[in-house]
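Chain residues, written in single-letter form:
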Amino acid sequence: MSKIIRIGTRDSELALWQARTVQKQLKEQGYQSVLVPVKSMGDLVLDKPLHELGITGVFTKTLDIAMLKGEIDIAVHSMKDVPTVLPKGIVQAAVLKRGNYMDILAFKHNEEFLSQKEAVIATGSLRRKAQWLNRYPTHEVVDLRGNVQTRADKLEDNDWNGAIFAAAGLERVGLEFENTIGLTWMVPAPAQGAVVVVALEDDEFSKTACAELNHKETEICTTLERKFLNLLEGGCTAPIGALAIIKDTNVSLKGVLLSVDGKKRIEVEFTSKLGKHENLAEACVERVFSRGGKLLMSEIAGVSKKPDVYSTKKLTTEQVARFDTDITVDSEDFIQISLNRIPRLALKATHRNVIITSQNAVEALIASINPDELKFENIYCVGRKTKRLIEKRIGKVTHFENSAKELADYLVDSIEGSTATYFCSNLRLDDLPTILADHKIELTEIEAYSTKKSPLKIDDAIKGVLFYSPSSIESYLQENSTDVIAYCIGDTTAAEAKKHFSKVHISKMPTLESVIELVNKDYE
C-alpha cells in the first residue's frame, strides 16, 4: 500500500467535504491519499442556468480530463452530477452510503405564500422548477446558481419567498436555515444524496482500494435511478426525477417526467423482489413512453422530426434502442391477440403429434391447463423463440423450422404416423394445412387464440414499415398507402408484401431484432 492515491475534487465546500469523507474512509482501510482540488465549468460560469451551458457533465468533465491525463488517480462527485455514460477508460469504483435524498424548501418568514396565488421560488434545477410549477402553477420560479453558501446568501439578499436545496448538501456543510419544509412530494434527482468515486479502468490498485468503500444497497438503488434517466435520454435539459428504495426483500422504483413548465407530468412506480429487479428501470420507462413520454421528451428537446419508420408491432424500450441513433421510429400493434380458453378435455387427451407455429398458441395452452397435465409425444414448431418458450414451459421440441411451409415440408417426410393436432389462430395461413392434406396427413385444428386486425392511419412522411405477419400487412393496408419500403420478418410475410409493395426487404432471421438490423443496414 505504498502508493499515495491522488483524489481529484472540485474546490467547493461541499465537494471538499465529499472528498475528505472518501479520504477518511480510505485511511481507515490503510490507504494513503492526497486531495487535488480543481475548478469545473459549472463552478466558473454562474450567470447561466445549467441547461443552457450545453455541456454534458458540467461539474465532472474537468476531473475526467485530469484523470485521463494522469494528474489524479480517482475523482469524487455528487453522483447526481455524473453523466449516466462515463467517458471511455473511466469506471465507477465505489458508491458511498447514501445521505438524505430529499429536496427541502428554505423560506424567510412564514408558510402563508404556499396558499397564495403569487410567490417567487428560486432554484437552478429544471426538475425542481417543473415539479414546483406542477403543484403551484401560478408561482414564479427564478434561477439560482452557485455553491450552497452562495445560494443561501442570495436567498437572504433577494425578495424571494424561498429557495429549494438538496437536504444532503445542507447537512454536509452544516448549513441550517431557520425555516424549512421537507418536500416529500418532490421526486429527487436520480442518485441525489449519493457520492460516487470513479477511477481509470486499468488502475487496479485504486479500484481495489475504493471497492472497500462501496455500499451495496446504495449502488443497487442509484444504478436503477440512473438507468431510468439514461433510457429516457435525459440529462440536465429534461425535468426527470427517480427514486429507488429497498424495503425488506423488495425494491421499488418511482420515476417522473415533466414538461419544463410543469403542466404535463408522467409518474410511474414499479416494485420487484430484490435479486429480480434488473428490469425495473425498463418497465418504468416503457410505462412512461406508453403514456406519451416520447412525445413529451421531443417537445422538451424542441424536436419536431417525424418518424422515419413505423413498426406494426408495439416495440419495447430495449427494441427501440436497437435502431441507429439517426433513425426515428414509432410503433403500434396493428394486430390484437386474445387467448382462447381451450377445452380441458381436448388438452388432457394424448396427442401423438402437435404443431405450434406461434408463441401466442403456447401462452394459450399454459393459460388453459397445467403444463404437467399435457400428453404431447412429439412437438413440432416454427421459430427459435417459440421453441425456447415451449421447452421452458411445456417440454422438449422434436423439430422446428423457420416457417410454416418449411415445417410442413419436413413433416411430409418425417412425421410419426398420419395425424397431427394444430394449435393455431382464427386467421392462420393455408400453407401448412394444404401441404399436409395433399400428403394424406389428417390435421385436427384447435383455435388457441384469436387475431383481430387493428388498423391505424400513419403519417405520410413515413419511409418504411416493419411487418411481422401477412395479417399485419392486411391490417396496415386498410388505412395506408403502399408507397413505403416493406421490411418483412420472413418469406411468408414477404410473399404477401410483394403483392402490394414495390420495395420489399426480408430479414436474414425470422426475429424482430433481425428486422431492426435490416432497417439499420438500409439506412447506413
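Residues numbered from 1 in each chain as written. Predicted model: local features only at pLDDT ≥ 70, side-chain atom pairs only at ≥ 80, totals over all residues. Heavy atoms only, no water.

Looking now at the sheet that holds strand 19 (residues 399–401). With respect to topology, six strands assemble into an open sheet ordered 16-21-20-17-18-19, the strand pairing being mixed. For this open sheet the edge positions go to strand 16 (335–339) and strand 19, each flanked by a neighbour on one side alone. Strand-to-strand twist across the sheet, computed as the mean angle between neighbouring axes with direction ignored, equals 25°. Judged from the five bridges that link them, strand 16 and strand 21 (residues 442–453) form a sheet pairing that is antiparallel. Note on strand 21: the bridge partner recorded for Ser338 is Ser450. Docked against the sheet, helix 15 (residues 404–414) engages strand 17 (350–356), strand 18 (375–382) and strand 19, running at close to 135° with respect to strand 18. (Pairing = 2+ DSSP bridges. Helix = DSSP H or I, 4+ residues; strand = E, 2+ residues; numbered from the N terminus. Axes fitted to C-alpha atoms, helices over the stretch in contact; angles between N-to-C directions. Contact = heavy atoms within 4.5 Å.)

All right, on to the packing of helix 15 against helix 16 (residues 431–438) then. It is the contact of helix 15 with helix 16, at a shortest axis distance of 8 Å, that shows an interaxial angle of 20°. Taken as axis vectors, helix 15 and helix 16 run roughly parallel relative to one another. Where helix 15 crosses over helix 16, the two elements pack in a sense that is right-handed. Residues Ala404, Lys405, Leu407, Ala408, Asp409, Leu411 and Val412 of helix 15 touch helix 16, and the partners they reach there are Asp431, Leu432, Ile435 and Leu436. Grouping the amino acids of the contact of helix 15 with helix 16 by side-chain chemistry returns eight nonpolar, no polar and three charged. (Parallel < 35°, antiparallel > 145°, perpendicular 65-115°, else oblique. Left-handed = near helix turned anticlockwise from the far one by under 90°. Nonpolar A, V, L, I, M, F, W, Y, C, P; charged D, E, K, R; others polar.)

On to the sheet that holds strand 15 (residues 329–331), then. The five strands are arranged 15-14-22-23-24 in an open sheet whose pairing can be described as parallel. Strand pairing shows two members of the sheet lacking a second neighbour, strand 15 and strand 24 (503–506), which therefore form its edges. Here the average twist between neighbouring strands, direction ignored, is 25°. Pairing analysis gives four bridges linking strand 22 (residues 464–467) to strand 23 (residues 485–488), with the strands arranged parallel. By the bridge assignment for strand 23, Val465 is matched with Ala486.

Let's shift gears to the packing of aromatic side chains. Applying the stated criterion across every chain, the model contains 13 aromatic pairs. Centroid distance Trp132 to Trp185: 5.9 Å. Interplanar angle 45°. Geometry classified as tilted. With a gap of 53 residues between them, Trp132 in helix 4 (residues 126–135) and Trp185 in the loop between strand 9 (180–182) and strand 10 (195–200) connect regions that are remote in the sequence. Seen in terms of ring centroids, Phe467 and Phe501 are 5.5 Å apart; in terms of plane orientation they differ by 40°. Their pairing is tilted. With Phe467 in strand 22 and Phe501 in the loop between helix 18 (491–497) and strand 24, the pair connects residues that are 34 residues apart, well separated along the chain. With respect to burial, Phe467 and Phe501 carry one shared label: buried. (Phe/Tyr/Trp six-rings, centres within 6.5 Å; stacked < 30°, edge-to-face > 60°. Buried < 20%, exposed > 50% of the residue type's maximum accessible area, 1.4 Å probe, protein only.)

Before going further, it helps to examine the nonpolar core. If you look at the biggest cluster of nonpolar residues, it comprises 24 residues, and the most contacted ones within it are Leu224, Phe228, Leu232, Ile240, Leu253, Leu257 and Val288. Secondary-structure elements contributing two or more residues to this core are helix 8 (216–231), strand 11 (240–247), strand 12 (250–258), strand 13 (265–273), helix 9 (280–290) and helix 10 (293–301). Setting aside residues no more than four positions away along its own chain, Leu224 makes contact with Ala244, Val251, Leu253, His277, Leu280 and Ala281. In this structure, Ile342, Val354, Ile356 and Leu374 belong to the second largest nonpolar core, which totals 22 residues. (Core = buried A, V, L, I, M, F, W, Y, C linked by side-chain atoms within 4.5 Å.)

Another aspect to go through is the pattern of salt bridges. Applying the stated criterion to the full structure yields 26 salt bridges. Connected via shared salt-bridge partners are Lys3, Arg6, Asp73 and Asp203. (Salt bridge = Lys/Arg side-chain N within 4 Å of Asp/Glu carboxyl O.)

Turning next to the confidence of the model for the chain. In the predicted model, the chain carries a mean pLDDT of 90, and 94% of its residues have values of at least 70. In the model of the chain, helix 2 (residues 41–44) stands out as the element of lowest mean pLDDT, 41, in contrast to strand 22, which has the highest, 97. Note that pLDDT drops below 50 for residues 41–58; the model gives that stretch 33 contacts with residues more than four away or on any other chain. (pLDDT = per-residue confidence, 0-100.)

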